[in-house]
Amino acid sequence: MASWSEEDLSYLSDDVDHRRHEALVAVEPGSDRGLGIARFFRKPGEPETAEVAVAVADDWQGRGIGTELLTRLTERARREGIRRYTAVVATDNREMADRLERAGAMGDGGSGEEGTSQYVVDLPTDGIGGLLQRALRAAARR
Ligand SMILES: CC(C)(COP(=O)(O)OP(=O)(O)OC[C@H]1O[C@@H](n2cnc3c(N)ncnc32)[C@H](O)[C@@H]1OP(=O)(O)O)[C@@H](O)C(=O)NCCC(=O)NCCS
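All of these numbers come straight from a predicted model, not from anything done at the bench.

Rules used throughout
Residues numbered from 1 in each chain as written. Predicted model: local features only at pLDDT ≥ 70, side-chain atom pairs only at ≥ 80, totals over all residues. Heavy atoms only, no water. Near = heavy atom within 4 Å. Polar contact = N/O pair within 3.5 Å; in protein donor to acceptor, adjacent residues only side chain to side chain. Areas by Shrake-Rupley, 256 points an atom, 1.4 Å probe, with all protein chains shown as cover. 1 Å grid on protein atoms, 1.4 Å probe; cavity = no way out; pocket = protein on both sides within 12 Å on 5 of 7 lines; lining within 4 Å. Sits in = over half its atoms within 2 Å of the grid points. Helix = DSSP H or I, 4+ residues; strand = E, 2+ residues; numbered from the N terminus. Phe/Tyr/Trp six-rings, centres within 6.5 Å; stacked < 30°, edge-to-face > 60°. Buried < 20%, exposed > 50% of the residue type's maximum accessible area, 1.4 Å probe, protein only. Expected span 1.5 Å × (residues − 1). Arc of directions from axis to C-beta. Contact = heavy atoms within 4.5 Å. Core = buried A, V, L, I, M, F, W, Y, C linked by side-chain atoms within 4.5 Å.

Draft legend 1. Focus on the site of the ligand. The ligand sits among 17 residues. The nearest are Val56, Gly62, Gly64, Thr67 and Arg137. Measuring from an oxygen atom of the ligand, one finds a side-chain N or O atom of Thr67 at 2.5 Å. Within the side chain of Arg137, one N or O atom sits 2.7 Å away from an oxygen atom of the ligand. Compared with its free state, where it exposes 940 Å², the ligand has 63% of that area covered by protein. One can see that the ligand is located within the largest pocket. Examining the composition of the shell around the ligand, we find that six residues originate from one element, helix 4 (residues 129-141), more than from any other.

Laid out in structure tokens, this is it:
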């Protein structure tokens, strides 16, 4: 996004209550520059399901930050009783969709918001598991 509204910024920061909406940030030691962020948003009325999102600054990608953030976020999610993540993928992102499907994620076939499909991934009992790992790798390659 080129710019953020006050409403967007408030949603992504003030709204974080660590139960319904959690966010973990990686910062550069010394400068406090933000390097990456991982979040989950629990679905209203579906306490065991949360949407997940991870992003790492371009010049810090490929150094393990995404994996570390997702691993720690998933530990938090399990402690909050979350059992599955959902991820929204652009319908034209066939590579990501194929990888998710091959790894066993369930897609809704594009019935979500216009131009997107939603995929569901059950959380493993420990770590991030093979499916989330493969999904992160596929996103990183893109
Ligand atoms: C997806 C993303 C968060 C990954 O973060 P990252 O810090 O680069 O990830 P890691 O360094 O932990 O690497 C994760 C895996 O991808 C692989 N990888 C990382 N960068 C890669 C690249 N440029 N080419 C190929 N593989 C790559 C790593 O080897 C690792 O694979 P492994 O598990 O087999 O070792 C980051 O690329 C990003 O912010 N992308 C844009 C936003 C996005 O697509 N988010 C995901 C959807 S919510």
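Once you've had a look at it, read on.
Draft legend 2. Expanded view of the packing of aromatic side chains. For the structure shown, the criterion picks out one aromatic pair. Aromatic pair Tyr11 and Phe41: ring centres 5.6 Å apart, planes at 10°, arrangement stacked. In this pair, Tyr11 is assigned in helix 1 (residues 6-12) and Phe41 in strand 2 (residues 34-43), connecting sequence segments 30 residues apart.

Draft legend 3. Broad picture of the environment of Gly129. Structurally, the position occupied by Gly129 is in helix 4. Assessed through its relative accessible area of 27%, Gly129 is described here as partly exposed. Separated by 24 residues in sequence, Gly129 and Ala105 have C-alpha atoms that sit 12 Å apart.

Draft legend 4. Highlighting helix 2 (residues 65-79). Between its terminal C-alpha atoms helix 2 stretches 21 Å, which fits the 21 Å expected from 15 residues at 1.5 Å a residue. Turning to helix 2, its buried residues number three or more, namely Ile65, Gly66, Leu69, Leu70, Leu73, Thr74, Arg76 and Ala77. Buried positions in helix 2, seen along its axis, are confined to an arc of 160° and lie on one side of it. Contacts made by the buried residues of helix 2 are with strand 1 (21-27), strand 2, strand 3 (46-56), strand 4 (84-90) and helix 4. Where helix 2 terminates, the next one or two residues include Gly81, which has phi positive at roughly 85°.

Draft legend 5. Representation of the nonpolar core in the model. Formed by 29 residues in total, the largest nonpolar core has its most connected members in Phe40, Ile65, Tyr85, Leu100 and Leu132. Going through the elements one at a time, strand 2, strand 3, helix 2, strand 4, helix 3 (94-102), strand 6 (116-122) and helix 4 are the ones with two or more residues in this core. Of the residues forming this core, the biggest block, five residues, is contributed by helix 2.

Honestly, it's all geometry; don't read function into it.
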